Amino acid sequence: MKKCCKCGKKFNVSDAREEYIAEFGIDEEYDEEYGGEVCADCAISETQSNVNAGKAIDMMNGEEDYDDEHVKNYL
């Protein structure tokens, strides 16, 4: 069992990888981004935050329909 470097929770790396893949459908990203050092909950939360920030930037650039509340929450 590993200890998450973000929250301190003990976790199984293969289980965390499977949960991350189930959430995002991307096989290699968990290992590339988190290297087995972050639990699934923290990895999923951080990735969702990054995706939302990217979407907010796209809204600011006019590449997506603008949602003021989304932009205020994630930028």
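Residues numbered from 1 in each chain as written. Predicted model: local features only at pLDDT ≥ 70, side-chain atom pairs only at ≥ 80, totals over all residues. Heavy atoms only, no water.

A. Quick look at the environment of glycine 62. Here glycine 62 is to be found in the loop between helix 3 (40-60) and helix 4 (68-74). Residue glycine 62 is classed as exposed on the basis of its relative accessible area, which comes to 62%. Along the backbone, glycine 62 and glycine 36 are 26 residues apart, and their C-alpha atoms lie at a distance of 36 Å. (Helix = DSSP H or I, 4+ residues; strand = E, 2+ residues; numbered from the N terminus. Buried < 20%, exposed > 50% of the residue type's maximum accessible area, 1.4 Å probe, protein only.)

B. Fine view of a nonpolar patch on the surface. Taken together, the side chains of Ile57, Met60, Tyr66 and Leu75 make up a nonpolar region of the molecular surface, amounting to roughly 430 Å² of accessible area. A residue is classified by how much of its surface remains accessible, and isoleucine 57, at 41% relative accessible area, is partly exposed. (Patch = residues over 30% accessible without salt bridge, like charges linked within 9 Å, V, L, I, M, F, W, Y side chains within 5 Å. Areas by Shrake-Rupley, 256 points an atom, 1.4 Å probe, with all protein chains shown as cover. Salt bridge = Lys/Arg side-chain N within 4 Å of Asp/Glu carboxyl O.)

C. Looking closely at helix 1 (residues 13-24). Its 12 residues give helix 1 an end-to-end C-alpha distance of 16 Å, which sits within 8% of 16 Å, the value for a rise of 1.5 Å per residue. Glycine 25, located one to two residues past helix 1, shows a positive phi value of around 70°. (Expected span 1.5 Å × (residues − 1).)

D. Just the nonpolar core, in detail. Judged by nonpolar contacts, Cys4, Phe11, Ala16, Tyr20, Tyr30, Tyr34, Val38, Cys39, Ala40, Cys42, Ala43 and Ile44 together constitute the single largest core of 12 residues. Where this core is concerned, the elements lending two or more residues are helix 1, helix 2 (29-34) and helix 3. Not counting residues up to four positions away in its chain, the partners in contact with phenylalanine 11 are Met1, Lys2, Lys3, Cys4, Ala16, Tyr30, Gly36, Glu37, Val38 and Cys39. (Core = buried A, V, L, I, M, F, W, Y, C linked by side-chain atoms within 4.5 Å. Contact = heavy atoms within 4.5 Å.)

E. Layout of helix 3. In this model, helix 3 (21 residues) spans 30 Å end to end at C-alpha, consistent with the 30 Å of a helix rising 1.5 Å per residue. Taken together, the buried positions of helix 3 are Ala40, Cys42, Ala43, Ile44, Thr47, Ala56 and Met59. Glycine 62, located one to two residues past helix 3, shows a positive phi value of around 80°.

F. Layout of the pattern of salt bridges. This structure, assessed with the given rule, holds 5 salt bridges. Ionic pairing is found between lysine 2 and glutamate 37, a salt bridge with its closest N-O pair at 2.8 Å. Taken together, the residues lysine 2 in strand 1 (residues 2-3) and glutamate 37 in the loop between helix 2 and helix 3 connect sequence positions 35 residues apart. Note that aspartate 41 and lysine 9 form a salt bridge whose closest N and O atoms lie 2.7 Å from each other. Taken together, the residues span a long stretch of sequence, with aspartate 41 in helix 3 and lysine 9 in the loop between strand 1 and strand 2 (10-11) at a distance of 32 residues.

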